[in-house]
Amino acid sequence: MTRGRLRAQATPFYLLLPALVLLALVAGYPLIGALRLSLLRFRINAPEQFIGLDNYRRLLTDPQTLESIGITATFVAGSVTTMLLLAFVLAILLYQDFPGRRIVRTLILVPWALAPVVNGIMWKSLFAPQFGPLNDILYRLGVLQQSVNWVIDYPMPSLILTYVWKVLPLPTLIILAGLEGVPQELYEAAEVDGAGSARRFRKITLPLLRPVTLLAFILLLVDSLHVFALVDILTRGGPAGRTMLLNYSIYRTAFRYLDFGYGAAMAFSLTVLILVLALFYMRAATEAALVTER
């Protein structure tokens, strides 16, 4: 291989080098710092002490942390499952040809465009027990006989509903893009063979949408694992810790109880989990791109 060809192949790496150095400084250095901190007993009112993997061993036995993991699993399962089901329905509806389709497709992005803080404040006002619009509407419809304190009486469903409303446009557009990529010739050939709409959906649409559905699933899984602002505004982990998601528990451990070493171990473990899921996301994205090209 000639020197000129080697130089040409190395050029992209040279161009990426400044970005890689910046990424190492912005992301790599804090990760190393968090890993170092997780190996220490580090409190504000006591000298730091190297304790090795004791913080990670504590993760496996701490009742509060294990409870937060269970609560987080419930939230992730409920929100991701709900969003995928609703995204399928919305994507199929938006795929149909109807007047104003482009406007509706644009408006569906409004919840996703809102900042998480704005979303939390808005839904906290909607859930208000005294003068909240949700109680008022349900009372006028005869569904409720008296006002309900949604955040206190139904904390997890309220949190899931708020999060689903915010993030639902993302899987909807991903699945809609997958629908747009399905060749119409397949539907036409199946219709000629006498296949009904249900069978065409089961035999053509679902198999071809499997890669983009996996892509949406992993992306939602990663996003739902680090929900923070919504919990902080809506429930603050309550009532009685029933919405204490792991990410919010990390914040309380480090910045309220000032146990920075244990908080760093929790945060680093969650980061590793998200990085592993990100690798699956990249693989799913590659498979989805290949299916789209075909």
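On a predicted model such as this, the values are computed, not experimentally measured, just so you know. (Residues numbered from 1 in each chain as written. Predicted model: local features only at pLDDT ≥ 70, side-chain atom pairs only at ≥ 80, totals over all residues. Heavy atoms only, no water.)

Trainee: Tell me about the overall build of the protein chain, and please be specific about residues and values.
Mentor: The number of helices and strands found in the protein chain is 15 helices and two strands. The globule rule puts the C-alpha radius of gyration for 294 residues at 19 Å, and the 24 Å found for the protein chain is more than 25% above it. On the principal axes, the C-alpha backbone points of the protein chain span a range of 80 × 75 × 30 Å. Going through the 294 residues of the protein chain one by one, you find that 36% of them count as buried. In the protein chain, once contacts between residues fewer than 6 apart in sequence are set aside, the share between residues at least 24 apart is 67%. For the protein chain, the centre of its 25 positive side-chain charges and the centre of its 17 negative side-chain charges are spaced 5 Å apart. (Helix = DSSP H or I, 4+ residues; strand = E, 2+ residues; numbered from the N terminus. Rg over C-alpha atoms; globule rule 2.2 N^0.38 Å. Buried < 20%, exposed > 50% of the residue type's maximum accessible area, 1.4 Å probe, protein only. Contact = heavy atoms within 4.5 Å. Lys, Arg positive; Asp, Glu negative; His and termini not counted. Charge placed at Lys NZ, Arg CZ, Asp CG, Glu CD.)

Trainee: Give a detailed account of the confidence of the model for the protein chain, specifying residues and quantitative values.
Mentor: Considering every residue of the protein chain, the mean pLDDT works out to 85; 95% of them sit at 70 or more. Across the protein chain, element-level confidence peaks in helix H9 (residues 155–167) with a mean pLDDT of 94 and bottoms out in helix H11 (residues 184–192) with 73. (pLDDT = per-residue confidence, 0-100.)

Trainee: How would you summarise the nonpolar core if you had to cite specific residues and measurements?
Mentor: In terms of nonpolar packing, the biggest core is built from 57 residues, with Phe-75, Met-83, Leu-159, Tyr-163, Val-227 and Leu-245 touching the most fellow members. It is helix H3 (residues 63–95) that provides the largest number of residues to this core, a total of ten residues. Leu-159 has contacts with Phe-75, Leu-230, Val-231, Leu-234, Thr-243 and Leu-245, leaving out every residue within four places of it along the chain. By size, the runner-up hydrophobic cluster in this structure holds five residues, among which are Val-182, Tyr-187, Ala-190 and Ile-204. (Core = buried A, V, L, I, M, F, W, Y, C linked by side-chain atoms within 4.5 Å.)

Trainee: For the side chain of Asp-259, give the residues involved together with the corresponding values.
Mentor: With respect to the helices and strands, the residue Asp-259 is situated in the loop between helix H14 (246–256) and helix H15 (260–293). Within the structure, Asp-259 has its side chain in polar contact with the side chain of Arg-58 (distance 3.0 Å). Residue contacts for Asp-259: discarding those within four places in its chain leaves Phe-42, Arg-43, Arg-58, Thr-253 and Ala-254. (Polar contact = N/O pair within 3.5 Å; in protein donor to acceptor, adjacent residues only side chain to side chain.)

Trainee: Break down a nonpolar patch on the surface for me, citing the residues and quoting the values.
Mentor: There is a patch of nonpolar side chains on the surface, built from Leu-17, Val-21, Leu-22, Leu-25 and Val-26 and spanning about 490 Å² of accessible area. When you line up the elements, Leu-22 lands in helix H1 (residues 3–38). For Leu-22, a relative accessible area of 53% puts it in the exposed group. (Patch = residues over 30% accessible without salt bridge, like charges linked within 9 Å, V, L, I, M, F, W, Y side chains within 5 Å. Areas by Shrake-Rupley, 256 points an atom, 1.4 Å probe, with all protein chains shown as cover. Salt bridge = Lys/Arg side-chain N within 4 Å of Asp/Glu carboxyl O.)

Trainee: Residue-level account of unusual backbone geometry, with values.
Mentor: Cis peptide bonds are those with omega within 30 degrees of zero, and the linkage from Gly-238 to Pro-239 qualifies with -5°. Within the secondary structure layout, Pro-239 lies in the loop between helix H13 (229–234) and H14. Although it is not a glycine, Arg-236 adopts a positive phi angle of roughly 55°. Relative to the elements of secondary structure, Arg-236 occurs in the loop between H13 and H14. A positive phi is found at Ala-240, a non-glycine position, where the angle reads about 55°. Among the structural elements, Ala-240 can be located in the loop between H13 and H14.

Trainee: Can you tell me about the packing of aromatic side chains, naming the residues and giving the values?
Mentor: Under the criterion given, the structure shown has ten aromatic pairs. Here the aromatic rings of Phe-42 and Phe-260 are separated by 6.0 Å at their centres, their planes lie at 65°, and the arrangement is edge-to-face. With Phe-42 in strand E1 (residues 40–43) and Phe-260 in helix H15, this residue pair connects regions lying 218 residues apart in the sequence. A relative accessible area of 25% means that Phe-42 is categorised as partly exposed. (Phe/Tyr/Trp six-rings, centres within 6.5 Å; stacked < 30°, edge-to-face > 60°.)

Trainee: Could you give me a rundown of the pattern of salt bridges, with the residues and numbers involved?
Mentor: It is possible for side chains of opposite charge to pair when their charged atoms get near one another. Inspection of the entire model under this criterion finds six salt bridges. In this structure, the salt-bridge partner of Asp-136 is Arg-140, at a minimum N-O distance of 3.0 Å. In this pair, Asp-136 and Arg-140 both sit in helix H7 (residues 133–140), four residues apart, roughly one turn of the helix. Residue class for Asp-136 comes out partly exposed when judged on its relative accessible area of 35%. For Arg-140, a relative accessible area of 67% puts it in the exposed group.

Trainee: Let's hear about the environment of Arg-105: which residues, and what values?
Mentor: Note that Arg-105 resides in helix H4 (residues 101–107). Using a relative accessible area of 21% as the deciding quantity, one classes Arg-105 as partly exposed. Between the C-alpha atom of Arg-105 and that of Thr-172, which follows or precedes it by 67 residues, the distance is 9.9 Å. Beyond its immediate stretch of four places on either side in the chain, Arg-105 contacts Leu-94, Tyr-95, Leu-176 and Glu-180. A polar side-chain atom of Arg-105 sits 3.0 Å from the main-chain carbonyl oxygen of Leu-94.

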